[in-house]
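# Summary of the model geometry
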Amino acid sequence: MTNESLLDRIFRLARRVPAKPSNEMPNGLETAVLAHWQEGRERRLTNGGTLQALRWAALAAVAIALLTAALQSDELAAFNRRSDPVTRVADSALVAGYGYE
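The sections below set out a description of the structure shown in this document. What you are looking at is a predicted structure, and each value in this text was computed from that prediction instead of being measured.

## Notes on the overall build of the protein chain
A count of helices and strands for the protein chain gives 4 helices and 0 strands. N-terminal to C-terminal, the α/β element order of the protein chain is α-α-α-α. Within the span of the protein chain, comprising 101 residues, buried residues form 2% of the whole. Entry remark: accessible area of the protein chain is about 9,800 Å², with carbon and sulfur atoms responsible for 62%.

Next comes the structure, spelled out in structure tokens:
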């Protein structure tokens, strides 16, 4: 085989146009995807009750915390107004410890 015939063969092979891929899905892929989707949907529905209950429990806990903070705000404000010597010493020790001065 000469170099020219080898080059001719390479160029002929390079000029071939590959077949376009078809736009159709392989057999069974659509069925498999739909079955997987249906299975996931059923699993979400079975666990959905637990998740919804946890959401309501979290919302109730936040509501109780906010209600408690609102009702106890006068007691929390009393800590800011304390000016007895013990409190001032403790506050200054905390400030000195954290370097806020």
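## Things to note about helix α4 (residues 85–98)
For an α-helix the count is 3.6 residues per turn, leaving residues at separations of three or four pointing the same way. Spanning 14 residues, α4 covers 20 Å between terminal C-alpha atoms, matching the ideal 20 Å at 1.5 Å per step. Counting buried positions over the 14 residues of α4 gives 1, only a small fraction of the element.

## A look at a nonpolar patch on the surface
A contiguous nonpolar patch, built from Leu6, Leu7, Ile10 and Phe11 and spanning about 370 Å² of accessible area, is present on the exposed surface. Of note, Ile10 is situated in helix α1 (residues 3–15).

## Notes on a positive patch on the surface
Judged by side-chain charge, Arg9, Arg12, Arg15 and Arg16 come together as a positively charged surface patch. By the element assignment, Arg15 lies in helix α1. The exposure class assigned to Arg15 is exposed, which follows from its relative accessible area of 61%.

About the cut-offs
- Residues numbered from 1 in each chain as written.
- Predicted model: local features only at pLDDT ≥ 70, side-chain atom pairs only at ≥ 80, totals over all residues.
- Heavy atoms only, no water.
- Helix = DSSP H or I, 4+ residues; strand = E, 2+ residues; numbered from the N terminus.
- Buried < 20%, exposed > 50% of the residue type's maximum accessible area, 1.4 Å probe, protein only.
- Areas by Shrake-Rupley, 256 points an atom, 1.4 Å probe, with all protein chains shown as cover.
- Expected span 1.5 Å × (residues − 1).
- Patch = residues over 30% accessible without salt bridge, like charges linked within 9 Å, V, L, I, M, F, W, Y side chains within 5 Å.
- Salt bridge = Lys/Arg side-chain N within 4 Å of Asp/Glu carboxyl O.
- Lys, Arg positive; Asp, Glu negative; His and termini not counted.
- Charge placed at Lys NZ, Arg CZ, Asp CG, Glu CD.

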